[in-house]
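For reference, the chains in residue letters:
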Amino acid sequence: PAPRRARAGRARPLQETAMSDTRLSHPERIVYPVAKISKGEVADYYRAVEAWLLPELVERPLSLLRCPDGIASACFFQKHHADSLGEGVHPVRLRESAGQADYVYVRDIEGVSALVQMNTLEFHPWGAKRQAPDRPDRLVFDLDPAEDIAWSELKRAGREVRDRLAEIGLDSWPRLSGGKGMHVVVPIRPGPRWAEAKAFSEAFADAMVAQSPLRYVATASKVARKGRIFIDWLRNARGATSVASWSLRAREGAPVAMPLRWDEFSRARSSTDFDLAKALRRAARLRSDPWEGFAESRQRLPTI
Ligand code: ATP
Ligand code: MN
Ligand code: MN
């Protein structure tokens, strides 16, 4: 099938896109077997949504989900840098449990394309920039529904998280994960360290559970989660990541993690509303940022 390409606001003309893809090996190789989406189409996708994707992930340590033989075979997470990842993919030395290690970051679409060449499908940035890895600049409340939770219930939960955050003076923005749940993302002015961000997030989740113990749970235990929505605050720890907005997911159907306006979120029909093709159309059509105000937000983390 002919590759689907977007005419996004800042997308390159087709020829230039094709020419700058010369380093892509095996563009015809099928990555999503049922949807029949090729590696070349994945590369084209990331180039087409560049203007929306890059602000999400440049200059941040990244975990990559790589699927060398497509999503039907084994995929693996990678967080450490290797020269084999190619030019445009840079190392940033970070402290970790056993000493130090070089993590991965990119500055531009060339870095993203190099990672796609290495069969990266999903991009998972830290909630901090590589220049200040110990000062988070965003929190993520990752809402994970148990199997028996209806989508309408999950949407209600997302809006409730938004409203509780607003009560303590925090604006937040929603994202469909492209999996089963959604993320409520809260930009914060860098300053607090991870320990503080984590303590805040745990206290916030605990308060929601205290108020609605039949609906929410804040512990990862599978038993406790039955029939409830897990407010996963553990994303807000040093070294934890969340999927980037506009990242593809390595699941059949090629769903995309999609940032929405709250009114759009209220109308969403599932977490997988946006697949690769629909995300391309959205990128081409969008006239204003669904997360308008997010990047400029300078809100402080309150104490609770
Ligand atoms: P869903 O809506 O299905 O929950 P999700 O992206 O929120 O999709 P989670 O399982 O809740 O997926 O995980 C949250 C985040 O934790 C992921 O986005 C990813 O960044 C990180 N993560 C999950 N599993 C791993 C792993 N094995 N290695 C590294 N990071 C992981
Ligand atoms: Mn989740
Ligand atoms: Mn989770």
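Residues numbered from 1 in each chain as written. Chains lettered and ligands numbered in written order. Predicted model: local features only at pLDDT ≥ 70, side-chain atom pairs only at ≥ 80, totals over all residues.

### A short note on the packing of helix H2 (residues 39–48) against helix H4 (residues 109–117)
Closest axis-to-axis distance for the H2/H4 pair is 10 Å, and the angle between their directions is 160°. As the angle between them shows, H2 and H4 are arranged roughly antiparallel. Between H2 and H4 lies a crossing whose hand is right-handed. For the pair H2 and H4, contact is made by Val42, Ala43, Tyr46 and Arg47 and by Ile109, Val112, Ser113 and Val116, respectively. When grouped by side-chain class, the residues that make up the contact of H2 with H4 number 6 nonpolar, 1 polar and 1 charged. (Axes fitted to C-alpha atoms, helices over the stretch in contact; angles between N-to-C directions. Helix = DSSP H or I, 4+ residues; strand = E, 2+ residues; numbered from the N terminus. Parallel < 35°, antiparallel > 145°, perpendicular 65-115°, else oblique. Left-handed = near helix turned anticlockwise from the far one by under 90°. Contact = placed C-beta atoms within 7 Å. Nonpolar A, V, L, I, M, F, W, Y, C, P; charged D, E, K, R; others polar.)

### Let's talk about unusual backbone geometry
Despite not being glycine, Lys36 shows a phi value in the positive range, around 55°. Its location among the elements puts Lys36 in the loop between strand S1 (30–32) and strand S2 (37–38). With 11 C-beta atoms counted inside 10 Å, the residue Lys36 sits in the exposed group. Of note, the phi angle at Glu59 is positive, near 65°, even though the residue is not glycine. (Buried ≥ 20, exposed ≤ 12 C-beta atoms within 10 Å, placed from the backbone.)

### Overview of the sheet that holds strand S11 (residues 216–217)
If you walk across this open sheet you meet the 6 strands as S11-S12-S8-S10-S9-S13, and the pairing is mixed. Bordering the open sheet on either side are S11 and strand S13 (258–259), each of which pairs with just one other strand. Inspection of the sheet shows strand S8 (residues 138–145) paired to strand S12 (residues 229–232) by 4 bridges, in the antiparallel sense. Paired with Leu143 across the two strands is Ile231, which belongs to S12. In this fold helix H5 (residues 151–167) packs onto S8, strand S9 (173–176), strand S10 (182–187) and S12, with an angle of close to 15° to the strand it touches most, S10. (Pairing = 2+ DSSP bridges.)

### What to know about helix H9 (residues 276–285)
Those residues of H9 that sit buried are Leu276, Ala279, Leu280, Arg282 and Ala283. End-on view of H9: buried residues confined to an arc of 165°, all on one side of the axis. The secondary structure elements touched by the buried residues of H9 are S2, H2, helix H3 (50–57) and S13. (Arc of directions from axis to C-beta.)

### Regarding the environment of Ser38
Secondary-structure assignment places Ser38 in strand S2. Looking at Ser38, the number of C-beta atoms within 10 Å reads 18, which means it is partly exposed. Along the sequence, Ser38 and Gly70 sit 32 residues apart, while their C-alpha atoms lie 9.0 Å from each other. Not counting the four nearest positions on each side in its chain, Ser38 is found in contact with Pro27, Glu28, Arg29, Ile30 and Val31.

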